[in-house]
Each structure stands twice: as C-alpha cells, then as structure tokens.
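Listed here are the chains, written in short residue letters.
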Amino acid sequence: MMHRMLRVDHAGEYGANRIYAGQMAVLGRSRTGPLIQQMWDQERKHLAKFNEILAENRVRPTALLPLWNLAGFVLGASTALLGKEGAMACTVAVEESISEHYNSQIRALMESDPERYTELLQVIKEFRDDEMDHHDIGLEHDAESLPGYWLLKNAIQLGCKAAIYASQRI
C-alpha cells in the first residue's frame, strides 16, 4: 500500500509541475505569470519532498513519468492558450482532484496506523492544504467564467482519475 501511495503522490506532483511549466510557457509574461509562478514554486517544493521520500523508502517512481512529462506540459499549455481563465480552470480541476486524492490517503493512513505514519500524514496534509489554496486561487481568478468550464473541468478530472489509477500500478 505504501509504495503505491508514494508512487502516485510523486507522479501527481511531477504532473502538476509539468502543467505549471506549460502554463508559464504561454502566460509567463502576462499579468497572470507571477501568480502561476507562485503556485509552481510550491509544487516544486512538493516534488522535491516526494523525490526525497521515494529515495528514503526505496520506492521506484512510476514508469509513466515520460508520458506525464508530455501530457502535463501539453495540458498546461493548451489550457493557457484559452487565456487566464483556461489556465485557472485547469488549476481548479487538477487541484480539486489532487486534494480529494490526498484526503482519501489521509483517511487510509488514519485507519491503518496513524502513529506509524505521523510524518507522512503531516506532509500530505500540508500539501493538500496548498492544493486547496491553488484551487481557491483558480476560482478567485475567473476559472468558472471560461465558456465550457464544466465540460473542461470534468474531462480533466477524468484524466486525473485515470492517471492516478495507472500511476499506482505501473
């Protein structure tokens, strides 16, 4: 269970980094650039921490990282091409999915052995809170005003669920 959990968390943070890289490639010099950069900086810290945790626990990353590298960047850049609202809609969708996933992991660790997983629980809770902040920032910056927002959000979240499923196993 622990290896699958760490593998998918690392993959999710890796993918989030690539999404923000794609958004910055398109919107980095716009007024929205500093906001995206701020969120990306937090995601970089998350990824660095999961790189450390994977090494400490001798967990291999998912074999799908090359796919998440390309898919994340393309998702970030393509939604940013829709403008600030598109980038923020993507952020809302992804961060909501990640937050829900982290919440399910917190529940599983609490049911399993909370004392054994104290440090990991603290990391996951902190990162979940950061993801929810990013989600809220997206909403505050007009994500829902994008035409077709609900369709885009649901499509991205379906992709997130598929990525989570695959990354746990491959």
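Residues numbered from 1 in each chain as written. Predicted model: local features only at pLDDT ≥ 70, side-chain atom pairs only at ≥ 80, totals over all residues. Heavy atoms only, no water.

Moving on: the overall build of the protein. A tally of regular secondary structure across the protein gives 6 helices and 0 strands. Counting from the amino terminus, the protein carries its helices and strands in the arrangement α-α-α-α-α-α. For 170 residues, the compact-globule formula gives about 15 Å, and the C-alpha radius of gyration of the protein, at 15 Å, lands near that figure. Summarising its shape, the C-alpha atoms of the protein cover approximately 45 × 30 × 25 Å along the three principal directions. Residues counted as buried form 49% of the 170 residues belonging to the protein. When contacts within the protein are restricted to residue pairs at least 6 apart in sequence, those whose partners lie at least 24 apart make up 83%. (Helix = DSSP H or I, 4+ residues; strand = E, 2+ residues; numbered from the N terminus. Rg over C-alpha atoms; globule rule 2.2 N^0.38 Å. Buried < 20%, exposed > 50% of the residue type's maximum accessible area, 1.4 Å probe, protein only. Contact = heavy atoms within 4.5 Å.)

Here the focus is helix H5 (residues 118–140). Along its 23 residues, H5 runs 33 Å from first to last C-alpha, staying within 8% of the 33 Å computed at 1.5 Å per residue. Looking only at H5, the buried set comprises Leu120, Leu121, Val123, Ile124, Phe127, Arg128, Asp130, Glu131, His134, His135, Ile137 and Gly138. Tucked into the core, H5 has its buried residues touching helix H1 (2–27), helix H2 (33–56) and helix H4 (84–112). Of the residues trailing H5, Asp142 is marked for its positive phi of about 75°. (Expected span 1.5 Å × (residues − 1).)

An ideal rise of 1.5 Å per residue puts 38 Å on 26 residues; H1 measures up with 37 Å between its terminal C-alpha atoms. For H1, the tally of buried residues reaches 19 of 26 residues, placing the bulk of the element in the interior.

Within this structure's numbering, the places UniProt gives as "binding site: Fe cation 2" (unreviewed entry) are Glu43, Glu95, Glu131 and His134. Taken along the chain, the residues just named run across 92 residues; in space they keep tight, none of their C-alpha pairs more than 10.9 Å apart. Summarising the element assignment, Glu43 is placed in helix H2. Discounting residues that sit within four places of it in the chain, Glu43 has contacts with Glu13, Ala16, Asn17, Tyr20, Glu95, Glu131 and His134. Assignment of secondary structure puts Glu95 in helix H4. In this structure, Glu95 is in contact with Tyr20, Glu43, Glu131, His134 and His135, ignoring residues within four places of it in sequence. (UniProt positions renumbered as here; feature names shortened; annotations may be inferred.)

Moving on, we come to the nonpolar core. As a rule of thumb, soluble globular proteins bury nonpolar side chains together. In terms of nonpolar packing, the biggest core is built from 23 residues, with Leu6, Phe50, Val94, Leu109 and Leu120 touching the most fellow members. Sorting the residues of this core by element identifies H1, H2, H4, H5 and helix H6 (149–169) as the ones contributing at least two each. With 7 residues, the single largest contributor to this core is H4. Those residues within four positions of Phe50 in sequence are excluded, and the remaining contacts are Leu6, Asp9, His10, Glu13, Tyr102, Val123 and Phe127. In this structure, Ala21, Met24, Met39 and Ala143 belong to the second largest nonpolar core, which totals 17 residues. (Core = buried A, V, L, I, M, F, W, Y, C linked by side-chain atoms within 4.5 Å.)

Now for the environment of Ala16. Its place among the elements puts Ala16 in helix H1. Look at Ala16 and you get buried, because its relative accessible area is 2%.

This brings us to the packing of aromatic side chains. Using the criterion set out here, one finds 2 aromatic pairs in the structure. Measuring from ring centre to ring centre gives 5.7 Å for Phe50 and Phe127, while their planes differ by 70°; the resulting arrangement is edge-to-face. Of the two residues, Phe50 is situated in helix H2 and Phe127 in helix H5; the sequence distance between them amounts to 77 residues. Neither Phe50 nor Phe127 differs from the other in exposure class; each is buried. Judged by centre distance (4.8 Å) and plane angle (75°), the rings of Tyr149 and Trp150 are edge-to-face. Since its relative accessible area comes to 2%, Tyr149 is described here as buried. Taking NZ or CZ as reference, Arg44 lies 3.8 Å from the ring centre of Trp40, over its face. It is Arg169 that lies over the ring of Tyr165; its NZ or CZ is 3.7 Å from the centre. (Phe/Tyr/Trp six-rings, centres within 6.5 Å; stacked < 30°, edge-to-face > 60°. Lys NZ or Arg CZ within 6 Å of the ring centre and 35° of its normal.)

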